[in-house]
Amino acid sequence: MIAVTGATGQLGRLVIEELLKHIPAAEIIAAVRSPEKARDLAATGVQVREADYSRPETLPAAFRGAEKVLLISSSEAGARVPQHQAVIDAAKAAGVQLLAYTSLLHADTTPLGLGGEHRATEKALKDSGVPFTILRNGWYTENYAASIAPAVAHGAFIGAAGDGKIASASRVDYARAAVAVLIGRDVANKTFELAGDDAYTLAEFTAEIARQSNKEINYVNLPAAEFAVALKGAGLPDGLAELLADSDAGAEKGALFDDSRTLSKLIAQPTVSWQDVIKTFIKAA
């Protein structure tokens, strides 16, 4: 029995989809905050159980009978450490044989503000005594692809990453990596640095958008503070705008780059190219 937390999220749904290719639906637990939002998962035969990171009392029942658990990191920056600790404690109490966690690329050395909560969670995992696997996920290509439509509309793609190389991968790649660990062997107490096979600068990313859309689009590099202001002006919540600006600033320092190709080795296939992700988003626009 394998439990996946955050199973109605963008990554969680892809993990469930990949798991269904390998094991029976009845052996999968979709641990979700709002079971009513997981009716489609229940329709596949997956067990849907309530599991709210902020309500630890929901977690023991969610993990009952689970041999392995995938802890997909919480989206609530600032609250992650106690939320993740609650999951770790419940998984330990349930006697799980493997607890996998979606961390951050080079979490131990990253300059990104996101790194602190991931480092704390990694330490909690190691201190728990539960066999663990740390999946240090790099940036999702979709994070940048989400800006394709406004870039095409306004003729500019804005950012603050300078000439920093970004080795992002698609969500489906990271989902495949999680499944490879959950159904694999000899993965306990290991850490995987996961990133895409090929890297790009945001200027190169912008040039590819221009090529595929047949539009004139320029990359506009801003200081991180100005980029955050621009994102807020576009309607993003303050916290998210600051996070994205900080991430771009970190990318300029190499925080989103890794050339080990550990991800493609783990999933036994090349990662989805960033050019193909752009193509998908342009077709959907």
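That block above? That's the structure.
Scoring rules and cut-offs
- In every chain, residue numbers begin from 1 and rise along the written sequence.
- In keeping with the predicted nature of the model, local features appear solely for residues at pLDDT of at least 70, side-chain atom pairs appear and are counted solely at 80 or more, and the whole-chain, interface and lining totals rest on all residues.
- Computation of side-chain values: all heavy atoms of the structure, hydrogens and water removed.
- Where helices and strands are cited, they refer to DSSP runs of H or I of at least four residues and of E of at least two residues respectively, numbered from the N terminus.
- Categorising residues by exposure relies on relative accessible area from a 1.4 Å probe, with only protein chains included: less than 20% of the type maximum marks a residue as buried, more than 50% marks it as exposed, and the intermediate range marks it as partly exposed.
- The axes used here are C-alpha line fits, helices contributing only the stretch in contact, and every angle between their N-to-C directions lies in the interval 0 to 180 degrees.
- Should an angle fall under 35 degrees it is called roughly parallel, over 145 degrees roughly antiparallel, and 65 to 115 degrees roughly perpendicular, with every other angle called oblique.
- Helix crossings are classified by the rotation of the near helix relative to the far one: an anticlockwise turn of less than a right angle makes the crossing left-handed, while a clockwise turn makes it right-handed.
- Contacts are assigned to residue pairs that have any heavy atoms within 4.5 Å of one another.
- The term nonpolar core refers to a set of buried residues drawn from Ala, Val, Leu, Ile, Met, Phe, Trp, Tyr and Cys, joined through side-chain atoms within 4.5 Å.
- In this analysis a 1.4 Å probe is tested at points of a 1 Å grid over the protein atoms alone, and where it fits but cannot get out there is a cavity; an open set with protein on both sides within 12 Å along at least five of seven lines is a pocket; lining residues have an atom within 4 Å of a point.
- Grid points are joined across faces, edges and corners, and a volume is the space filled by probe spheres set on the points.
- Charged means Asp, Glu, Lys or Arg here, nonpolar means Ala, Val, Leu, Ile, Met, Phe, Trp, Tyr, Cys or Pro, and polar covers whatever is left, Gly included.

S.K.: Help me understand the side chain of Asp173, please; the structure alone is not making it clear to me.
M.R.: With respect to the helices and strands, Asp173 occurs in helix α8 (residues 171–182). Residue classification places Asp173 among the buried positions, given a relative accessible area of 0%.

S.K.: When you look at the packing of helix α4 (residues 80–94) against helix α5 (residues 115–128) in this model, what are you seeing that I'm missing?
M.R.: Helix-helix packing is described using two parameters, namely the angle between the two axes and the distance between the axes. α5 packs onto α4 with a crossing angle of 20° between their chain directions and a minimal axis gap of 9 Å. Considered as vectors, α4 and α5 are oriented roughly parallel to each other. Along this stretch, α4 crosses α5, giving a crossing that reads as right-handed. Residues Arg80, Val81, His84, Gln85, Ile88 and Lys92 of α4 touch α5, and the partners they reach there are Glu117, Ala120, Thr121, Ala124, Leu125 and Ser128.

S.K.: Looking at this structure, how should I read the nonpolar core?
M.R.: The nonpolar side chains of soluble globular proteins are, as a tendency, buried together. In this structure, Val4, Val15, Leu19, Phe63, Leu70 and Leu135 are the most contacted members of the largest nonpolar core, which totals 59 residues. The element that contributes the greatest number of residues to this core is α8, accounting for 7 residues. Membership of the second largest hydrophobic core comes to 25 residues, among which are Tyr144, Leu202, Phe205 and Ile278.

S.K.: Any chance you could explain the layout of surface pockets here in plain terms?
M.R.: In this approach a probe as big as a water molecule rolls over the atoms, and the regions it shows empty are the leftover space. The computed volume of the second largest pocket comes to approximately 200 Å³. As for the second largest pocket, its lining consists of Gln10, Leu14, Glu142, Ala146, Ser170, Arg171, Val172, Val272, Asp276, Val277, Thr280 and Phe281. Contributing elements (two or more residues each) for the lining of the second largest pocket: α1 (10–19), α8 and α13 (274–284). Split into classes, the residues belonging to the lining of the second largest pocket amount to 6 nonpolar, 3 polar and 3 charged.

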